[in-house]
Amino acid sequence: MQTKTLAAGHRHGLNTSAKIKLGSVGAGLLLSLAGAAQAQSSVTVYGRVDAGVDYQSNVATGANSSGSLWRASGNQWGTSMIGFKGTEDLGAGLSAFFLLESGFDATKGTTNGSPLFNRRSYVGLAGSAGSLKFGKNLFIDNDIWFLDPTGQQFIGTATLVRGRNWGGADNVIEYQTPTWGGFNATVQTSLGEQAGSITSKRKDGISLVYANQTVELRAIYDVVRDVNGHFTDIFDTSKELILGGTLTIDKLKLFAGYENLRAPDAAPTASDKANHYWLGANYQVTPALTLIGSVFRVNVNKGGGNANLFMAGANYSLSKRTLLYVGMGTVRNSSNANFSVEATNNNPLPGQNQNGAYAGISHTF
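About the cut-offs
In this convention, every chain numbers its residues from 1, walking through the sequence in written order. The predicted origin of the model limits local features to residues at a pLDDT of at least 70 and limits the giving and counting of side-chain atom pairs to 80 or more, whereas totals for whole chains, interfaces and linings rest on all residues. Hydrogens and water are ignored here; the side-chain numbers use all heavy atoms of the structure. Helix and strand labels come from DSSP, where a helix needs a run of H or I of at least four residues and a strand needs a run of E of at least two; each type is numbered from the N terminus. Only protein chains enter the calculation, and the probe is 1.4 Å; a residue is then buried if its accessible area is under 20% of its type maximum, exposed if over 50%, and partly exposed in between. For this analysis, residues touch if any pair of their heavy atoms sits within 4.5 Å. Calculation of accessible area relied on Shrake-Rupley with a 1.4 Å probe; when residues are assessed, cover is drawn exclusively from the protein chains displayed. Here a Phe, Tyr or Trp ring, Trp counted by its six-membered ring, pairs with any other such ring whose centre lies within 6.5 Å, and the pair is stacked when the planes are under 30 degrees apart, edge-to-face when over 60, and tilted otherwise. Note on terminology: a nonpolar core comprises buried Ala, Val, Leu, Ile, Met, Phe, Trp, Tyr and Cys residues joined through side-chain atoms within 4.5 Å. A carboxyl oxygen of Asp or Glu within 4 Å of a side-chain nitrogen of Lys or Arg is what we treat as a salt bridge. Nonpolar side chains (Val, Leu, Ile, Met, Phe, Trp, Tyr) are joined into patches within 5 Å and like charges within 9 Å, using only residues with over 30% relative accessible area and no salt bridge. DSSP-based pairing: two strands are paired if at least 2 bridges between them are found.

A.B. asks: Can you walk me through the overall build of the protein in this structure?
C.D. replies: What the protein contains, in helices and strands, is one helix and 19 strands. When burial is assessed residue by residue, the protein has 50% of its 365 residues classed as buried. Put simply, 58% of the contacts in the protein that link residues at least 6 apart link residues at least 24 apart. A total of about 16,300 Å² of accessible surface is found on the protein, and carbon and sulfur atoms cover 59% of it.

A.B. asks: Just checking my understanding: could you explain the packing of aromatic side chains for this structure?
C.D. replies: Enumeration over the complete set of coordinates arrives at nine aromatic pairs. Plain terms: the ring middles of F183 and Y210 are 4.7 Å apart, the flat faces sit at 40 degrees to each other, and that makes the pair tilted. In this pair, F183 is assigned in strand 10 (residues 183–190) and Y210 in strand 11 (residues 203–211), connecting sequence segments 27 residues apart. Given the relative accessible area of 24%, Y210 is considered partly exposed.

A.B. asks: It is not clear to me how the nonpolar core should be interpreted in this structure. Could you clarify?
C.D. replies: One recurring pattern in soluble globular proteins is that nonpolar side chains are buried together. Among the nonpolar cores identified, the biggest contains 38 residues, and L160, I234, F235, V300, L309, V331 and F339 are the most heavily contacted of them. Taken together, the elements giving at least two residues each to this core come down to strand 9 (168–176), strand 12 (215–224), strand 15 (273–284), strand 16 (289–300), strand 17 (305–317) and strand 18 (322–333). Looking at this core element by element, the count peaks at four residues for strand 16. The residues touching F339, leaving out its near neighbours within four places in the chain, are T159, L160, R162, F235, V298, V300, G304, A307, V331, N333, N347 and P348.

A.B. asks: Could you clarify how one ought to interpret the pattern of salt bridges in this entry?
C.D. replies: Where charged atoms of side chains with opposite charge meet at close range, the side chains can pair. Enumeration according to the criterion identifies 14 salt bridges in this entry. A salt bridge links D204 to R225; the shortest N-O distance between them is 2.7 Å. With D204 in strand 11 and R225 in the loop between strand 12 and strand 13 (239–249), the pair connects residues that are 21 residues apart, well separated along the chain. A residue is classified by how much of its surface remains accessible, and D204, at 15% relative accessible area, is buried. Put simply, D141, R164, D222 and E240 are held in one network by salt bridges that share partners.

A.B. asks: Is there a simple way to explain a nonpolar patch on the surface in this structure?
C.D. replies: A surface patch of nonpolar side chains, about 470 Å² in accessible area, is lined by V123, L132, F134, I173, Y175 and L191. Elements with a contribution of two residues or more to the nonpolar patch: strand 8 (130–138) and strand 9. Within the fold, V123 resides in strand 7 (residues 120–127).

A.B. asks: Just checking my understanding: could you explain unusual backbone geometry for this structure?
C.D. replies: Apart from glycine, the bulk of residues carry a negative phi angle, and the bulk of peptide bonds sit in the trans form. Unlike most non-glycine residues, E193 shows phi in positive territory, near 55 degrees. Among the structural elements, E193 can be located in the loop between strand 10 and strand 11. Positive phi, normally seen in glycine, also occurs at K302, with a value near 55 degrees. Its location among the elements puts K302 in the loop between strand 16 and strand 17. K302 sits in the partly exposed class, given a relative accessible area of 43%.

A.B. asks: Quick question: what am I supposed to make of the environment of L69 here?
C.D. replies: With respect to the helices, strands and loops of the structure, L69 is situated in strand 3 (residues 66–73). When the C-alpha positions of L69 and N58 are compared, they lie 8.1 Å apart, and in sequence the two are eleven residues distant. Not counting residues up to four positions away in its chain, the partners in contact with L69 are D54, Y55, Q56, V59 and N346.

A.B. asks: Just checking my understanding: could you explain the pairing of strand 9 for this structure?
C.D. replies: Across a regular strand the side chains alternate sides, sitting on one face of the sheet and then on the other. Sheet analysis places strand 8 next to strand 9, joined by seven bridges and oriented antiparallel. Residue pairing for strand 9: L138 is matched across the bridge by G168. Strand direction decides the pairing type here: strand 9 and strand 10, joined by five bridges, are antiparallel. The residue of strand 10 that forms the bridge with Y175 is V187. Hairpin connection, strand 9 to strand 10: the antiparallel pair is bridged by six residues, and G181 has positive phi, about 55 degrees.

Everything listed here is a matter of coordinates, which is why it stays silent on function.
Written as structure tokens, this is what we have:
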């Protein structure tokens, strides 16, 4: 099966932030952001630092050999990041905004990719008719975060689809409607910027949501094309449909989801369809402690095999900004499948099972 290097695109938002109100002196303190900041009514600096330890068994080390892997945990629970965002009130209900955000691995001090702002860098306008963004953003299928019982941890919805629902998007034009009675829609296109073709390397998608205090329902459809404008790899350049929802009952939150991947232009002998299902729950035992449990299954046609993934974890808040976490899981592969227990390239040999666990601390600011 094809594997690829994954950038941590999980966990959309943070619960806390530090706001800096800019005056004539403060504008000069934001380094290269100074020129942009002077035009804003306010700028927020926010971020998260996350690190711990991680273990995986049966990692393939050769054609017929495997070994256990111990390593630092840099992004397993959620990526470390630093960001800057600002807004300006233009009057008449219209505002301008920007956001710059970079993810990094705290255990190595390296960024998650070569761009300076490798997660988001966009500017836009918002008003009564919705919002319009231009720049770089997480790809629209990252909205699966809302359907993931784990919150897009490394053992989560990205694992059994080899990160297909966990990417970024450059050259984005994105429109989001206002929310009407709980309904909201987002449309996104990522231009391929290839001369002579409007489809080469282009991404498009739409995300629909209905939410109230008890129920949340989501539908996401997107397409990712290769350099020729075709759909040739179910876990890379393919068509994707995601359906799911959540139900909150007091301290219990239930999750269910389905994902279908299709690559109609794949080679005749290559897998061109995959179906991914999951169920899960979060239970808030105390205001500080939340337990997590989930099960995932994938079926891949044309000999791609199938796998079941089981995950259990816990989050414990020491404060509003500091969190301890633990996650563990096991993946049970069919004879010709080699899915990893985590969303990484550390796959087992075909037909082997794999166990994994990580624990760490996350601090937001």
